[in-house]
Amino acid sequence: MEVRQIVNSLFRSCSYVIVHDGASWLVDCGDVDKILPAIVGPLKGVLLTHAHFDHIYGLNQLAELIPSLPVFTNEPGLEALLNDKLNLSKYNGDPFVLIDTTNVHLVENGECVDLFDGIKAEAVFTPGHNPSCVTWMIDDIILTGDSFIPGVKTVTNLPLSDKALAAKSEVLIRELAAHRTVYAGHAPEV
Ligand SMILES: [Zn+2]
């Protein structure tokens, strides 16, 4: 399994292409033109770490290119995909809502998504930064989105953020991170 990081133009949010056995999965969707060249073989689906606009803004463009591409998030994630106030895009001058939700699949805490033959992604809910936050655990890696960015204080001053929950989630993520590689939701400024 190979993890390819794409640093998006908006706030240096990160998308990740996970490649294995001649196929790919995407985690979060920013700049589609940067993501496409990183994909190997068929793109099987998209996992969302949360539904803030800087992690989802490429989804409509991607759905146009790859119809019926499944997108995995939780219930608060779906709500934010459909609401430009909840995903905060409205306040950034470029309102975004997901046009077609027929391919959105809702996951529960602890649920697994089959990625490749013998490789699953487990959804670990890590609310606090936002109620839609999911940390995806895949073998010996975790994709934490904005729930945990090593060396950076978790942002909890946004609407729907919850500082106490974020602290609880961070404890859990640090446990998961002890034996795993962390791929976070933003890249440091260079
Ligand atoms: Zn965020």
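Quick note: structure is the one above.
Everything quoted here is computed from the prediction, not taken from an experiment.

Calculation rules
- For every chain, the first residue of the written sequence is number 1, and numbering continues from 1 along that sequence.
- Only residues with pLDDT of at least 70 get local features here, since the model is predicted, and only at 80 or more are side-chain atom pairs given and counted; chain-wide, interface and lining totals rely on the full set of residues.
- Think of the side-chain values as coming from all heavy atoms in the structure, minus any hydrogens and water.
- We count a stretch as a helix when DSSP gives it H or I for four or more residues in a row; a strand needs E for two or more, and each element gets its number in order from the N terminus.
- Think of it in three bands: residues with accessible area under 20% of the maximum for their type are buried, residues over 50% are exposed, and the middle band is partly exposed, with areas taken using a 1.4 Å probe on protein chains only.
- Pairs of N or O atoms are called polar contacts if they sit within 3.5 Å, as long as, within protein, a hydrogen donor faces a hydrogen acceptor (for residues adjacent in sequence, only side-chain-to-side-chain pairs).
- Throughout, a contact is declared for two residues whenever any of their heavy atoms are within 4.5 Å.
- Criterion used throughout: strands pair if DSSP finds at least two bridges between them.
- For helices, the fitted axis covers only the stretch in contact; all axes are lines through C-alpha atoms, and the angles between them, taken along N-to-C directions, range from 0 to 180 degrees.
- Excluding any residue in a salt bridge, patches collect residues exceeding 30% relative accessible area, merging like charges within 9 Å and nonpolar Val, Leu, Ile, Met, Phe, Trp and Tyr side chains within 5 Å.
- Each accessible area is a Shrake-Rupley estimate made with a 1.4 Å probe; only the visible protein chains count as cover when residues are assessed.
- Basic side-chain nitrogens of Lys or Arg form a salt bridge, by our definition, when they fall within 4 Å of a carboxyl oxygen of Asp or Glu.
- When charges are counted, Lys and Arg are positive and Asp and Glu negative, with His and the chain ends excluded.
- To locate a charge, the coordinates of NZ of Lys, CZ of Arg, CG of Asp or CD of Glu are taken.

(A) Structural context of the side chain of H52. Looking at where H52 falls in the secondary structure, it is placed in the loop between β4 (43–47) and α2 (59–65). On the basis of relative accessibility, which here comes to 3%, the residue H52 falls in the buried class. A distance of 3.0 Å separates the side chain of H52 from the side chain of H129, its partner in a polar contact. Discounting residues that sit within four places of it in the chain, H52 has contacts with L86, N87, L88, H129, N130 and L158.

(B) Examining the sheet that holds strand β9 (residues 134–138) more closely. Strands sit in the order β7-β8-β9-β10-β11 across an open sheet of 5 strands; the sheet is mixed. Edge positions in the open sheet fall to β7 (112–116) and β11 (181–184), since each of these has one partner strand only. If you compare each strand with its neighbour and ignore which way they point, the axes differ by 25° on average. Here strand β10 (residues 141–145) pairs with β11 via 4 bridges, running parallel. Among the inter-strand pairings, I141 is bridged to a residue of β11, identified as T181. Seen against the sheet, helix α4 (residues 163–177) touches β8 (119–125), β9, β10 and β11 and runs at an angle of roughly 155° to β10.

(C) Representation of the sheet that holds strand β6 (residues 104–106). In spatial order, the strands read β1-β2-β3-β4-β5-β6; together these 6 strands make up an open sheet with mixed pairing. At either margin of the open sheet sits one strand with a lone partner, and together these are β1 (2–7) and β6. Adjacent strand axes in the sheet meet at a mean angle of 25°, parallel and antiparallel pairs treated alike. With 5 bridges connecting them, strand β2 (residues 14–20) and strand β3 (residues 23–27) associate as antiparallel partners.

(D) Representation of a negative patch on the surface in the model. A cluster of acidic residues, E75, E79, E108 and E111, forms a negative patch at the surface. Mapped onto the elements of the fold, E108 is located in the loop between β6 and β7.

(E) Focus on the environment of A63. Inspection of the secondary structure assignment puts A63 in helix α2. The class for A63 is partly exposed, based on a relative accessible area of 40%. Each C-alpha atom, one on A63 and one on E108, is 23 Å from the other, the two residues being 45 residues apart in sequence.

(F) Just the environment of L165, in detail. Locating L165 in the fold gives a position in helix α4. Taking C-alpha positions, L165 is 19 Å from M137, a pair spaced 28 residues apart along the chain.

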